[in-house]
Amino acid sequence: MQDTINEPAYGPTAARILATATRLFMQRGYSAVSINDIVQAADVTKPTLYYHFSDKEELFVLVAIHMLADMHRTMQRAIAGQPDTRSRLVALAQVLLHEPDSDTRMMRHQAREHLSPERQRRLANAFVRYMLDPLRNVMQQGLDDGELGGHSATDLAMLFLGLMEGFQRQTAPVEPERSHLYRDVSTDHFSAETLVDLFLYGTAVR
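This one's a predicted model, so the numbers in the text were calculated from it and none came from an experiment.

Thresholds applied
Residues numbered from 1 in each chain as written. Predicted model: local features only at pLDDT ≥ 70, side-chain atom pairs only at ≥ 80, totals over all residues. Heavy atoms only, no water. Axes fitted to C-alpha atoms, helices over the stretch in contact; angles between N-to-C directions. Helix = DSSP H or I, 4+ residues; strand = E, 2+ residues; numbered from the N terminus. Parallel < 35°, antiparallel > 145°, perpendicular 65-115°, else oblique. Left-handed = near helix turned anticlockwise from the far one by under 90°. Contact = heavy atoms within 4.5 Å. Phe/Tyr/Trp six-rings, centres within 6.5 Å; stacked < 30°, edge-to-face > 60°. Buried < 20%, exposed > 50% of the residue type's maximum accessible area, 1.4 Å probe, protein only. Lys NZ or Arg CZ within 6 Å of the ring centre and 35° of its normal.

The N-to-C vectors of helix α4 (residues 56–79) and helix α6 (residues 105–114) enclose an angle of 155 degrees; their axes lie 12 Å apart at closest approach. In terms of orientation, α4 lies roughly antiparallel with respect to α6. Crossing hand, α4 versus α6: left-handed. Here E57, F60, A64 and L68 of α4 lie close against α6, whose contacting residues are M107, Q110, A111 and H114.

It is worth spelling out the packing of aromatic side chains at this point. For the structure on display, the rule yields 6 aromatic pairs. Geometrically, the ring pair formed by F25 and Y30 is stacked, given 5.8 Å between the ring centres and 15 degrees between the ring planes. Each member of the pair, F25 as well as Y30, carries the same accessibility label: buried. Put simply, the rings of F25, Y30 and F60 pair up and form one aromatic cluster. Between the NZ or CZ atom of K56 and the centre of the ring of Y30, over which it lies, the distance is 4.2 Å.

Counting through the fold element by element, D145 comes out in the loop between α7 (117–144) and α8 (153–166). Once the C-alpha coordinates of D145 and T85 are considered, the two residues, 60 residues apart in sequence, prove to be 8.7 Å apart.

Below you can see the structure in the form of C-alpha cells.
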C-alpha cells in the first residue's frame, strides 16, 4: 500500500532557497556550506532566509527530508505493477544504483556529525519511512507469497539496502591516479539483475 506523503508547501522564494541549499550541501557537505553561501547563491537576504527557515541545521533537515520523499515516490513508481518479488527488487535496485540522490550515506553521516539529537531523530524517522519502509513492504510481500524466507522483512530490507549502497555510483570525483582502484567495482560490471540474484541466491552453484 502506498503511503501518503505530506510535505510542506513552499512558496517560490522558499523553494529557491531549498533548491540552492540542496545543491550546495550535496556538492560541498554540511560543514563547508555557510548561510552566507546559501543566501548569495539563492540571491536572497539573510532576513528572508531566516523568515522561511530557522537556521542552517533546520534547512539541512528539510533538504534531506525533501530528497528522501522524492526517492520514496520514485521507488513506489518503480515497483508499481511488477509481478513478483524478483521483479520488484530489480526495479528498486535500478533506482538505488542509478538515481542521483539515492546514495544517502553522506547525508546520514553528516547528520550524525553535525545535527542535534532531536534533529537526528527526525531525519532517522524520515529515513525509515521513506527509504526503509518501501523495501520492508516488498520483503514482507515476498515472505507472504512464499518467495522469500529465513529472515524478517526488516532484516532482509537492511541486507538489500546495504548491498545496493556498496555498489552505488560515488558522487565525489576520483583522482585520475587512483581511478584504476575503482574501475573493477563500477556498477557497469554489476547490473541490477546481477545484484538482485546475488541477494536472492548467493554465490553458490545452482
